[in-house]
Amino acid sequence: MNSQQQIDPTNVLIFLNCCIPLDEQLQLCHLTIVNGIIRKINVIPTNDADDAENDNSIGTATSRFDQSSFGKVSKTTIAAAAADSIDSFLVESLMLEHDELNIDLNDDVITTFECAGNILCPGFIDLQINGAFGVDFSNPNLTRQQVLTVASQLTQYGVTHFCPTLVSTSKDVYATLLHDILGPLYQSDQSGDFPPPTDRATLLGIHLEGPFFARSKRGAHGLEFIQDEIMQQDSIWTMYNFHEMAGDCDKEGGGQQRQPQNGVKIVTLAPELPGVERYEIIQSLKKKYGIVVSMGHTNATLQEGIKAVQNGAGLITHLFNAMRPFHHREPGLLGLLSMYPPCRQQQQQHQQQEGGYGMAKRRTTTGREHELFYSIIADGLHSHPTSIQMAYTLSKNVVLVTDGIAAMGLKDGQHALGEEEVMVLRGKATIRGTDTLAGSVATMDSCIRSFQKFTGCSVYEALKAATENPARVLNLEDELGRIQVGRRADFVILDKDLIVQRTIIGGNIVHQHE
């Protein structure tokens, strides 16, 4: 760690002159952190309407400052800063509110970090990542240390929270990985008995991608593991070992949701699989256990998708990939995007109440409120840029995922995805000997840049797809996905080209761009 990174989060830390996503635009601000928690956001006043920080003026914002000053760290006290006339606007604010912030004017050291007009946004959230840096989360010999290594290395791409994803495998492997490795790690990150990690990305839960898929849409998943017969609750409960639950009541009974002790938060399944219980399963997973049901690796029709959403499905896994293709007489799941558009009035009400990014629940034509998001792998390989642009035109509820495999962060060559051998050549991962895509080696920051390029959306919107939207999928929007007073200081500093410059977790700088 060099001199620019010597920051003590137990003291006051102020990020100066950073462009923060607020009120659907980027605004130039000072951000005050106390003990790793965001305590104050000072929007820098301006009398010039042209100075508002939008996507066309990010370059203008950075041009106001000497970029060689970016990353400069200084230490002082409020009293000394006032005496030296350092940023009178900021000092005046701190002088007035030092009691509320519990800051001593003369004794508490204030550390300032110069952002020089660059972007400071919430840390990225990856809801679907199968592994990275040579580690495959579906490997039955996975170790705790391997997961922690990935969690540490992901910060170089701006990721501060993620969901380790398991591909289709056997009941015994699920039991080993969920109960011996990933489940305990999730519990330690989320239990509250220990402070959340400040040196690595946090586990938000486990994503089970499979094995209840349409056989014809299995993609890179091992054929021997696919379960495409009659879908019953007992078969799913047994496969994932959901019989042991924490808590003894559910929402319908007036109590709290039961939570799987193994940390499962997302289950991807094909909603059209035969069985009279298939929609009851979706209801149970969501309402009783708080698990997000995602539709994927599926041949579902539009009508089957509608029923799944009505029963609680809230996500589509990697739209366009391993699903029924669009047809003008049978649009498949793609048709759902036009049926559940955001309700602008509700969205504006939510933003007025909450501030920052916000996406209110939308109302369907039947009058019922539902939340439907879709994930996209924006690597330019899994979907054509025009397809991604078309989807975003239909619905802004996009969630960027990497679908990363063990080869992420490594060179081309032979790697593994569960039981399958994968070849990576020039950034394209395929099942060995086939043209079948097998996850990706794209990183989250590169997906954000590509998504903005493909869709022509604003920087604000591109960042939202990797921050607030995934937080909303997991119903964590009150904790993650926005820069807001009272939240933990987990964020990323980007330059005007959206290249990660710093990653901060709990007020600690854990990654610095070389």
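In this convention, every chain numbers its residues from 1, walking through the sequence in written order. Local features in this predicted model are restricted to residues of pLDDT 70 or higher, and side-chain atom pairs are both shown and tallied only at a pLDDT of 80 or more, whereas totals for entire chains, interfaces and linings draw on every residue. Derived side-chain values reflect all non-hydrogen atoms in the structure, with water molecules and hydrogen atoms excluded from consideration.

Caption draft 1: Seen up close, the overall build of the protein. In this text, helices come from DSSP runs of H or I with a minimum length of four residues, and strands from runs of E with a minimum of two, each type numbered from the N-terminal end. Helix and strand content of the protein: 14 helices and 27 strands. Working definition: with a 1.4 Å probe on protein chains only, accessible area under 20% of the residue-type maximum means buried, over 50% means exposed, and in between means partly exposed. The buried share of the protein, taken over its 514 residues, is 58%. A contact between two residues is defined here by any heavy atoms of the two lying within 4.5 Å. Relative to all contacts within the protein whose residues are 6 or more apart in sequence, the contacts with residues 24 or more apart total 70%. A 1.4 Å probe and the Shrake-Rupley method give the accessible areas. Residues count as covered only by the protein chains that appear here. Total accessible area computed for the protein in this model is approximately 20,800 Å², and 45% of it derives from carbon and sulfur atoms.

Caption draft 2: Summary view of the pattern of salt bridges. Just to be clear on terms, a salt bridge is a Lys or Arg side-chain nitrogen sitting within 4 Å of an Asp or Glu carboxyl oxygen. Going through the model one piece at a time under the given rule, you end up with eight salt bridges. Of the charged contacts, one joins Lys-496 and Asp-497 as a salt bridge, the two residues approaching to 3.9 Å between their closest N and O atoms. You can call Asp-497 partly exposed: its relative accessible area is 47%. Linked by salt bridges that have partners in common, Glu-371, Arg-472 and Glu-477 make up one network.

Caption draft 3: Up close: the nonpolar core. Of all hydrophobic cores here, the largest spans 93 residues; its most connected members are Phe-124 and Leu-336. Looking at this core, the element that brings in the most residues is helix H5 (residues 171-190), giving eight residues. The next biggest cluster of nonpolar side chains, apart from the first, holds 21 residues, and it includes Cys-18, Leu-31, Ile-41 and Ile-493. Note on terminology: a nonpolar core comprises buried Ala, Val, Leu, Ile, Met, Phe, Trp, Tyr and Cys residues joined through side-chain atoms within 4.5 Å.

Caption draft 4: View of unusual backbone geometry. In the segment running from Gly-210 into Pro-211, the intervening peptide bond is cis, with an omega of 5 degrees. Looking at the element boundaries, Pro-211 is found in the loop between strand E12 (206-209) and helix H6 (233-240). Phi is positive for Arg-426, which is not a glycine, with a value near 50 degrees. Looking at the element boundaries, Arg-426 is found in the loop between strand E23 (420-425) and strand E24 (428-431). We classify Arg-426 as exposed; its relative accessible area is 72%. Positive phi outside glycine occurs at Leu-498, with the angle close to 65 degrees. Note on placement: Leu-498 falls in the loop between strand E25 (491-494) and strand E26 (500-505). Judged by relative accessible area, Leu-498 falls into the buried class, the value being 3%.

Caption draft 5: Quick peek at the pairing of strand E3 (residues 37-43). In terms of strand pairing, strand E2 (residues 25-34) meets E3 through six bridges, oriented antiparallel. For Leu-31, the partnering residue across the bridge sits in E3 and is Ile-41. At least two bridges found by DSSP between two strands are what make those strands a pair.

Caption draft 6: Seen up close, the packing of aromatic side chains. Working definition: rings of Phe, Tyr and Trp (its six-membered ring) pair if their centres are within 6.5 Å, and the pair is stacked with planes under 30 degrees apart, edge-to-face with planes over 60 apart, and tilted otherwise. Inspection of the entire model under this criterion finds nine aromatic pairs. Clustering of aromatic rings is evident, with ring pairs tying together Phe-15, Phe-70, Phe-113 and Phe-491. Whether a charge sits over a ring depends on NZ of Lys or CZ of Arg being within 6 Å of the ring centre and within 35 degrees of the ring normal. Above the plane of the ring of Tyr-392 lies Lys-396, whose end atom (NZ or CZ) is 4.7 Å from the centre.

Caption draft 7: The arrangement of the side chain of His-221 in detail. Tracing the backbone shows His-221 in the loop between E12 and H6. Look at His-221 and you get buried, because its relative accessible area is 6%. With residues near it in sequence (within four places) discarded, His-221 still touches Val-167, Ser-168, Glu-209, Phe-213, Ile-226, His-297 and Glu-420.

Caption draft 8: Seen up close, the packing of helix H4 (residues 144-153) against H5. Running from N to C, H4 and H5 cross one another at 55 degrees; their axes reach a closest spacing of 9 Å. The angle between H4 and H5 places the two elements in the oblique class. H5 is crossed by H4, and the crossing has right-handed handedness. Two secondary-structure elements touch here, H4 through Arg-144, Val-147 and Leu-148 and H5 through Ile-181, Leu-182, Leu-185 and Ser-188. As a rule, the C-alpha atoms of each element are fitted with a line to give its axis, helices using only the stretch in contact, and angles between N-to-C directions run from 0 to 180 degrees. Angle categories: roughly parallel below 35 degrees, roughly antiparallel above 145, roughly perpendicular from 65 to 115, and oblique for all the rest. For any pair of crossing helices, the crossing counts as left-handed if the nearer helix is rotated counterclockwise from the farther one by less than a right angle, and right-handed if it is rotated clockwise.

Caption draft 9: Spotlight on the environment of Leu-417. Following the sequence through the fold, Leu-417 ends up in strand E22 (residues 413-417). Along the primary structure Leu-417 and Ala-406 are separated by eleven residues, whereas in three dimensions their C-alpha atoms are 7.1 Å apart. Contacts of Leu-417, omitting those with residues within four sequence positions, involve Asn-130, Asp-136, Val-167, Ala-220, Ile-405, Val-422 and Ala-438.

Caption draft 10: Main features of H4. Along H4, the positions that sit buried rather than exposed are Val-147, Leu-148, Val-150 and Ala-151. Viewed along the axis of H4, the buried residues span an arc of 155 degrees, placing them on a single side of the element. Buried residues belonging to H4 abut strand E8 (131-132), strand E9 (135-136), strand E10 (159-166), H5 and strand E11 (202-203). What the arc covers is the set of directions going from the helix axis to the C-beta atoms.

Caption draft 11: Spatial organisation of the side chain of Asn-130. Along the chain, the position of Asn-130 falls in the loop between strand E7 (124-129) and E8. Looking at Asn-130, the relative accessible area reads 2%, which means it is buried. There is a polar contact of 2.8 Å between the side chain of Asn-130 and the side chain of Asp-403. The contact partners of Asn-130, leaving out residues within four places of it in the chain, are Val-135, Asp-136, Phe-137, Thr-165, Val-167, Glu-209, Asp-403, Gly-404, Ile-405 and Leu-417. Polar contact is the term for a pair of N or O atoms within 3.5 Å; when the atoms are in protein, one must be able to donate a hydrogen and the other to accept it, and sequence-neighboring residues count only if both atoms are side-chain atoms.

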